[in-house]
Amino acid sequence: MKRFILIFVGLLCFTLLSALPAYSDSLFQKAKSGDAEAQFNLGICYLNGEGVRQDYNEAFRWFKAAAEQGDAKAQNNIGICYLNGEGVKLDYNEAFRWFKAAAEQGNAEAQFNLGECYYNGRGITQDYNEAFLWYKAAAEQGLASAQYALGLCYIRGKGVKQDYNEAFRWLKAAAEQGNANAQYNLGVCYYNGEGTKQDYNEAFRWFKAAAEQGITEAQYWMGDCYYEGRGTKQDYNEAFRWYKATAEQGHAEAQFNLGLCYLNGEGVKQDYYEAFHWFKAAAEQGDSYAQYNLGICYYYGQGVRQDYNEAFRWYKAAAEKGITEAQYWMGNCYYEGKGTKQDYNEAFRWYKPAAEQGYAKAQYNLGRCYKKGEGVKQDYNEAFRWFKAAAEQGNAEAQYNLGDCYYFGEGVKQDYNEAFRWFKAAAEQGNADAQCNLGICYANGYGAKQDYNEAFRWFKAAAEQGNYRAQYAIGVCYEYGDGVKQDFKEAYYWYLISYRNGYTDAEQDVKSIENKLTNQQKQEVQKRVNDWFKTHPKD
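Here goes a summary of the coordinates provided. (Residues numbered from 1 in each chain as written. Predicted model: local features only at pLDDT ≥ 70, side-chain atom pairs only at ≥ 80, totals over all residues. Heavy atoms only, no water.)

Observations regarding the packing of aromatic side chains
Let me state the cut-off plainly: The rule is short: rings of Phe, Tyr and Trp, with Trp giving its six-membered ring, pair when the centres are within 6.5 Å, and they are stacked under 30 degrees, edge-to-face over 60, tilted in between. Helical segments are the DSSP runs of H or I of at least four residues, strand segments are the runs of E of at least two, and each set is numbered from the N terminus. Under the scheme applied here, a residue whose accessible area is under 20% of the maximum for its type counts as buried, over 50% as exposed, and between as partly exposed, the area being computed with a 1.4 Å probe on protein chains only. Distance and angle both matter: a charge sits over a ring if NZ of Lys or CZ of Arg is within 6 Å of the ring centre and within 35 degrees of the ring normal.
Counted under the stated rule, the structure contains 52 aromatic pairs. Between the aromatic rings of phenylalanine 112 and tyrosine 135, the centroid separation amounts to 5.7 Å while the plane-to-plane angle is 35°, which identifies the pairing as tilted. Taken together, the residues span a long stretch of sequence, with phenylalanine 112 in helix 6 (residues 108-120) and tyrosine 135 in helix 7 (residues 128-139) at a distance of 23 residues. Both residues of the pair, phenylalanine 112 and tyrosine 135, belong to the buried class. Here a set of aromatic residues connected by ring pairs shows up, and it is made of Tyr184, Tyr191, Tyr200, Phe207, Tyr220, Trp221, Tyr227, Tyr236 and Tyr243. One cation-aromatic arrangement involves arginine 528 over tyrosine 493; the distance from NZ or CZ to the ring centre is 3.9 Å.

Here it is in structure tokens:
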């Protein structure tokens, strides 16, 4: 959900004129003779350097002269001088006193400024109720900054009961007068459907209005609208442009998203170095997702030299903020001893919170810890529980292990039908161990009708991925003609691959089948085996 931005400090309103007065001797003489209007106008001239050198001290002097005669506009302006320490020593108490004097005469700018004093506790004890009342008085006179502030009071429930409908009404009034912050927050209302019906088109329109006035948050959300295609046609080029403009202003989330654009080549040519640069900029500002992605960069050496220590450091920063993926990677670092000393207890500790948040990879790894008794007491029931949680999310490793649990009756009652079901789910995702076990199920009629053809098909799929158990099984199929025409040369071929791949139990079968082949046949097969290992992985 998009967030509202609350800006109260720095919105103080000077009372100005629709046409700035020009300095003249006549104006000076009138002011000198005690004409309050002339004194106020002369203060404006000095404040803005109109026809005279800018001089805050002189501006203050002439505002004060008019203010002491009861001129509300001057009273408001002298309050700002005291509040900002311009032309006079900073004094919040005096600022409050003069704002109050002008506000009680109905000056809208002073009413707003008095609201600011109450809201921020400047010159008076903080009082949201009073702030709300003065904002409302000014807002009802049409002052856009007060309408904006009033809208935020309704959003936050400060000085008034939270009411998004009223917030929307006042933000809209201010936005239509061109108040940039109100335009941004009005966009948020439309985007989230708060105080009004959700409308991405209207959200985009108001974000754009605010963005073009330089509101950083609005520029950031323009990038998001273009990236997601909300309120406008999806356009990665435009998304990149707005993210870049915002990122260069130091906006951490925009820096992170800009990094993603470079990482994925969206709206710009893929560039890991630029991705790393922007992730780092955001990470150093504390953006947790950027910290996680920076860890990934260091771990895999993307855009920077591979450095497991740095990867661990940034994973840790993100993990401690609750980023699930980072917690998972902390577990991996401890499990594998990368960037830190190997520690199964710590691996288990980090996998657990990620798993409890529903992260499938962490759930699988937590199950593995329970199954092997790594970092925790061995517990097949817990292993089964976590494998099942991950398997149901589609994690192939977990599906394979869940199949094993059912096959061997570990943590659950033995059930070949369920074992077959989960082996099949993992096998269809390309898991070689599951493909091999699915072949075993078909070969033996476990959980499915015995079918040597299907057994052979799945053994072959696993064998091509380098699974030496499946390679051995194919050898058996060829030797005995199960699911395929009997062929001793092919049997020798697969037995030999399995043996050279590390399956020592195949040695006897290699020797046995050699006795059924001529020397020429053996040489031909051995050459094919050598060629196979040039293009296929080892298990």
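Concerning the nonpolar core
We count it as follows: Here, the term nonpolar core denotes a set of buried Ala, Val, Leu, Ile, Met, Phe, Trp, Tyr and Cys residues that are joined through side-chain atoms within 4.5 Å. Residue contacts follow a heavy-atom distance rule, with two residues in contact if any of their heavy atoms lie within 4.5 Å.
Of all hydrophobic cores here, the largest spans 181 residues; its most connected members are Phe63, Tyr135, Tyr184, Phe207, Tyr292, Tyr315 and Trp494. Considering every element that reaches this core, the biggest residue donor is helix 8 (residues 144-156), with nine residues. Excluding anything up to four places from it in sequence, tryptophan 494 contacts Lys460, Ala463, Glu464, Gln471, Ile474, Gly475, Tyr478 and Trp532.

Some details on the layout of surface pockets
Counted only if it meets this: A pocket, in this scheme, is an open set of points on a 1 Å grid over the protein atoms alone with protein on both sides within 12 Å along at least 5 of 7 lines, while a cavity is a set where a 1.4 Å probe fits but cannot get out; residues line either one if an atom lies within 4 Å of a point. Grid points are joined across faces, edges and corners, and a volume is the space filled by probe spheres set on the points. Lys, Arg, Asp and Glu make up the charged group, whereas Ala, Val, Leu, Ile, Met, Phe, Trp, Tyr, Cys and Pro make up the nonpolar group; the residues left over, Gly among them, are polar.
Empty space within the largest pocket amounts to approximately 150 Å³. Lining the largest pocket, in full, are Tyr328, Asn332, Tyr335, Glu336, Tyr351, Lys361, Tyr364, Asn365, Arg368 and Asn395. Listed by contribution, the elements that provide at least two residues to the lining of the largest pocket are helix 18 (324-336) and helix 20 (360-372). Among the residues forming the lining of the largest pocket, the class breakdown is four nonpolar, three polar and three charged.

Details of the pattern of salt bridges
Note the cut-off: We count a salt bridge whenever a side-chain nitrogen from Lys or Arg sits within 4 Å of a carboxyl oxygen from Asp or Glu.
Applying the stated rule across the entire model yields 33 salt bridges. Arginine 205 is the salt-bridge partner of glutamate 202, the closest N and O atoms lying 3.0 Å from each other. Of this pair, glutamate 202 and arginine 205 both sit in helix 11 (residues 200-211), three residues apart, which is roughly one turn of the helix. Here lysine 424 ties to glutamate 428 by a salt bridge, and the two come within 2.6 Å at their closest N and O atoms. The partly exposed category is assigned to lysine 424, whose relative accessible area is 28%. Owing to a relative accessible area of 51%, glutamate 428 belongs among the exposed residues under this scheme. Members of the salt-bridge network, linked through shared partners, are Glu37, Asp71 and Lys73.

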